[in-house]
Structure formats: structure tokens, C-alpha cells
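# Reading the structure
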Amino acid sequence: IWQKVLGLSLFPESVFEQETAEYERHRNEFGIPLDDRHQYTKADWSIWSAAFGTKAHFQETVRDLWHFASSTPDRVPFTDWFDTKTGKQKGFRARPVMGGLFIGLLMAPSASKT
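Across the interface, helix α3 (residues 43-51) lies against helix α4 (residues 55-71) with an axial gap of 8 Å and an inter-helix angle of 165°. Our classification of the angle between α3 and α4 gives roughly antiparallel. Note on packing geometry: the crossing formed by α3 with α4 is left-handed. Taken together, the residues of α4 that come into contact with α3 (itself represented by A43, S46, I47, A50 and A51) are H57, F58, T61, V62 and L65. For the contact of α3 with α4, the per-class residue count stands at seven nonpolar, three polar and no charged.

Side chains of W2, L6, L8, L10, F11, V15 and L106 sit close together on the surface and give an oily, nonpolar patch of about 720 Å² of accessible area. When you line up the elements, F11 lands in the loop between α1 (2-6) and α2 (13-25). Relative accessible area serves as the criterion here: at 49%, F11 is assigned to the partly exposed category.

Inspection of the secondary structure puts D64 in helix α4. You can call D64 buried: its relative accessible area is 6%.

As a further point, take α2. In a regular helix each residue adds 1.5 Å, so 13 residues correspond to 18 Å; α2 covers 19 Å between its end C-alpha atoms and thus fits that length. Within the span of α2, buried status applies to F16, T20 and Y23. Buried residues along α2 cover an arc of 60° about the axis, so they all sit on one side. Exposed residues on α2 whose side chains face more than 90 degrees from its buried face are Q18 and R25.

This part covers the environment of M107. Following the sequence through the fold, M107 ends up in the segment after β2 (81-83). As for M107 and G7, which are separated by 100 residues in sequence, their C-alpha atoms are 9.4 Å apart. Contacts of M107, omitting those with residues within four sequence positions, involve I1, K4, V5 and A51.

Rules behind the numbers
Residues numbered from 1 in each chain as written. Predicted model: local features only at pLDDT ≥ 70, side-chain atom pairs only at ≥ 80, totals over all residues. Heavy atoms only, no water. Axes fitted to C-alpha atoms, helices over the stretch in contact; angles between N-to-C directions. Helix = DSSP H or I, 4+ residues; strand = E, 2+ residues; numbered from the N terminus. Parallel < 35°, antiparallel > 145°, perpendicular 65-115°, else oblique. Left-handed = near helix turned anticlockwise from the far one by under 90°. Contact = heavy atoms within 4.5 Å. Nonpolar A, V, L, I, M, F, W, Y, C, P; charged D, E, K, R; others polar. Patch = residues over 30% accessible without salt bridge, like charges linked within 9 Å, V, L, I, M, F, W, Y side chains within 5 Å. Areas by Shrake-Rupley, 256 points an atom, 1.4 Å probe, with all protein chains shown as cover. Salt bridge = Lys/Arg side-chain N within 4 Å of Asp/Glu carboxyl O. Buried < 20%, exposed > 50% of the residue type's maximum accessible area, 1.4 Å probe, protein only. Expected span 1.5 Å × (residues − 1). Arc of directions from axis to C-beta.

Geometry only, nothing functional implied.
Structure, rendered in C-alpha cells:
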């Protein structure tokens, strides 16, 4: 992500394209799982990983989070750890890592592709 924020050229754009395409293959109703061991994800990770993809990928990830937050059966403060298939909270709630949701504000307009 820092490559995009700081305008560096450490990795070719194809790396980000491949990573984004792989994530898209695993998208569930409430988002993209962290890895293949479980169906849960973290809200901050979702936004950070989406920030280096296309604008469409980023917007879809934000929609997933909105869908989760407005549909979860758990009525607790916004959790950053939840199941991408059921929308149920896995544990954490109202943690400082949620500041990671604002990474998109640091992205230069030229860094995000259409």
C-alpha cells in the first residue's frame, strides 16, 4: 500500500493486478476471507488490501463492509473481525485498528486506477 501512497515503483503493477484478481475469486457475501484456513476477515485488512486494487475493487470492498455493518445479526460496536459468509462477529469490537478504514483518504487520485 505504501508504494501507492508514496508514489514508489518497487513492484510492477502486474503484482497488484494478480493479487486483486486472486482476492476477487474468493469474495463471499460479506467480503473476502483473510486466507484459505477460515472464512473470516478483518475490516481494516479488507480496506488496506483493496486500496492497492482498482477503484471498482475498492468500492466493492466498501460495499461489502457496509453490507456487513448493516446486516450482521450481532448488535455490538463495529467489529473488525467477522465471518464473510454469515456476517457474524468473531470477537473484537471498537478497536483502534478501525482507523485503517480511512487508508483510501491517503491515496492520491492518480494512484487509483479506474
